Amino acid sequence: MEYAYGHLLDVGPSGQAAQYRFQNYAINQNINDYLFAPFAFSGAVATLQGDNLDADLRFANTDITRAWIVEALQNAWVAKITTILWEPSTSAVISTLYEYWGSCAGGGWDETVLQVSLNSVLDAVQANIPGRRLHRWQVGSIPF
């Protein structure tokens, strides 16, 4: 039995269902409502402090991809990338290897490639996400 890995991409406005769902492993197939799109995921790179989990997505530079990527960058959409192990003969997903959530924060392009930079959604300082406070009803008595 031969296995391969691929990526599933869910992207859309924060707090809403994914507006676009793509997979990059089964060419010209619709797998579980994921349309085929040729894209690459660079994976997350963490600093020694654990504060920087940025990643990149790369797509072919076409009118179709440019349209939704511009909207994703202008509105800071959230992307979820799932790295999966799949069986090529049936296109069945065997297991999930890794999941990454990121906010569409920046981009660039040339004549052939569109790049989307994803920043960690866990960075409360840069993303202006309010920090969470611990209360006794959440964790019990806190020793001082």
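Scroll up for the structure.
Residues numbered from 1 in each chain as written. Predicted model: local features only at pLDDT ≥ 70, side-chain atom pairs only at ≥ 80, totals over all residues. Heavy atoms only, no water.

Student: Looking at this model, I keep getting lost on the sheet that holds strand S7 (residues 92-109). Mind explaining?
Tutor: Across a sheet, strands are paired by hydrogen bonds formed along the backbone, either parallel or antiparallel in direction. Across the sheet, eight strands lie side by side as S3-S2-S1-S6-S7-S8-S5-S4; this open sheet has mixed pairing. With one partner strand each, in any of the chains shown, strand S3 (35-36) and strand S4 (39-41) form the two edges of the open sheet. In terms of strand pairing, strand S6 (residues 78-87) meets S7 through ten bridges, oriented antiparallel. Opposite Leu85, over in S7, you have Ser95 as the bridge partner. (Pairing = 2+ DSSP bridges. Helix = DSSP H or I, 4+ residues; strand = E, 2+ residues; numbered from the N terminus.)

Student: How should I be thinking about the packing of aromatic side chains in this particular structure?
Tutor: For any pair of aromatic rings, the description consists of the separation of the ring centres together with the inter-plane angle of the planes. Overall, the coordinates contain nine aromatic pairs when judged by the stated rule. Judged by centre distance (6.5 Å) and plane angle (70 degrees), the rings of Phe22 and Phe59 are edge-to-face. Taken together, the residues Phe22 in strand S2 (residues 20-23) and Phe59 in strand S5 (residues 55-60) connect sequence positions 37 residues apart. Overall, the relative accessible area of 10% leaves Phe22 in the buried class. (Phe/Tyr/Trp six-rings, centres within 6.5 Å; stacked < 30°, edge-to-face > 60°. Buried < 20%, exposed > 50% of the residue type's maximum accessible area, 1.4 Å probe, protein only.)

Student: I tried to follow the pairing of strand S8 (residues 113-120) on my own but got confused; where do I start?
Tutor: Here six bridges tie S5 to S8, and the two strands are oriented antiparallel to one another. Each bridged residue has a counterpart across the sheet, and for Ala60 the counterpart in S8 is Val113. In this structure, S7 lies alongside S8, joined through seven bridges in antiparallel fashion. Residue pairing for S8: Gly107 is matched across the bridge by Val116. Once S7 ends, the chain turns through three residues before running back antiparallel as S8.

Student: Please explain the nonpolar core as it appears in this structure.
Tutor: As a rule of thumb, soluble globular proteins bury nonpolar side chains together. Core analysis: the largest hydrophobic core is formed by 20 residues, its most contacted members being Leu9, Leu57, Phe59, Trp68, Ile81 and Leu118. Elements that contribute at least two residues to this core include exactly strand S1 (4-12), S4, S5, helix H1 (63-74), S6, S7 and S8. Those residues in contact with Leu9, other than ones at most four positions away along the chain, are Tyr20, Arg21, Phe22, Tyr34, Phe39, Leu57, Phe59, Trp68, Ala79, Lys80 and Ile81. Of all hydrophobic cores here, the second largest spans seven residues; its members include Leu8, Tyr25, Tyr34 and Ile84. (Core = buried A, V, L, I, M, F, W, Y, C linked by side-chain atoms within 4.5 Å. Contact = heavy atoms within 4.5 Å.)

Student: Whenever I open this one, H1 confuses me. Can you help?
Tutor: Helical geometry: 3.6 residues make up each α-helical turn, so side chains three or four residues apart lie on a common side. A rise of 1.5 Å per residue sets the reference length of H1, with its twelve residues, at 16 Å; its end C-alpha atoms lie 17 Å apart and thus fit the reference within 8%. Buried within H1 we find Thr65, Trp68, Ile69 and Ala72. All buried residues of H1 fall inside an arc of 105 degrees around its axis, so they share one side. Opposite the buried face of H1, at more than 90 degrees from it, the exposed residues are Asp63, Ala67 and Gln74. Buried residues along H1 sit in contact with S1, S2, S5, S7 and S8. Following H1 by one or two positions, Ala76 adopts a phi angle in the positive range, close to 50 degrees. (Expected span 1.5 Å × (residues − 1). Arc of directions from axis to C-beta.)

Student: How should I be thinking about unusual backbone geometry in this particular structure?
Tutor: With the exception of glycine, the majority of residues adopt a negative phi angle, and the majority of peptide bonds are in the trans configuration. The phi torsion at Asn32 lies on the positive side, around 50 degrees, for a residue other than glycine. Topologically, Asn32 is positioned in the loop between S2 and S3. Of note, Ser91 is a non-glycine position whose phi angle comes to about 60 degrees, a positive value. Within the fold, Ser91 resides in the loop between S6 and S7.

Student: Can you help me understand the side chain of His7 in this one?
Tutor: Looking at the element boundaries, His7 is found in strand S1. Judged by relative accessible area, His7 falls into the buried class, the value being 8%. Separated by 3.4 Å, the side chains of His7 and Thr83 make a polar contact. Setting aside chain neighbours within four positions, we find His7 in contact with Phe22, Gln23, Asn24, Tyr25, Phe39, Phe41, Ile81, Thr82 and Thr83. (Polar contact = N/O pair within 3.5 Å; in protein donor to acceptor, adjacent residues only side chain to side chain.)

Worth remembering: the numbers are spatial, not functional.
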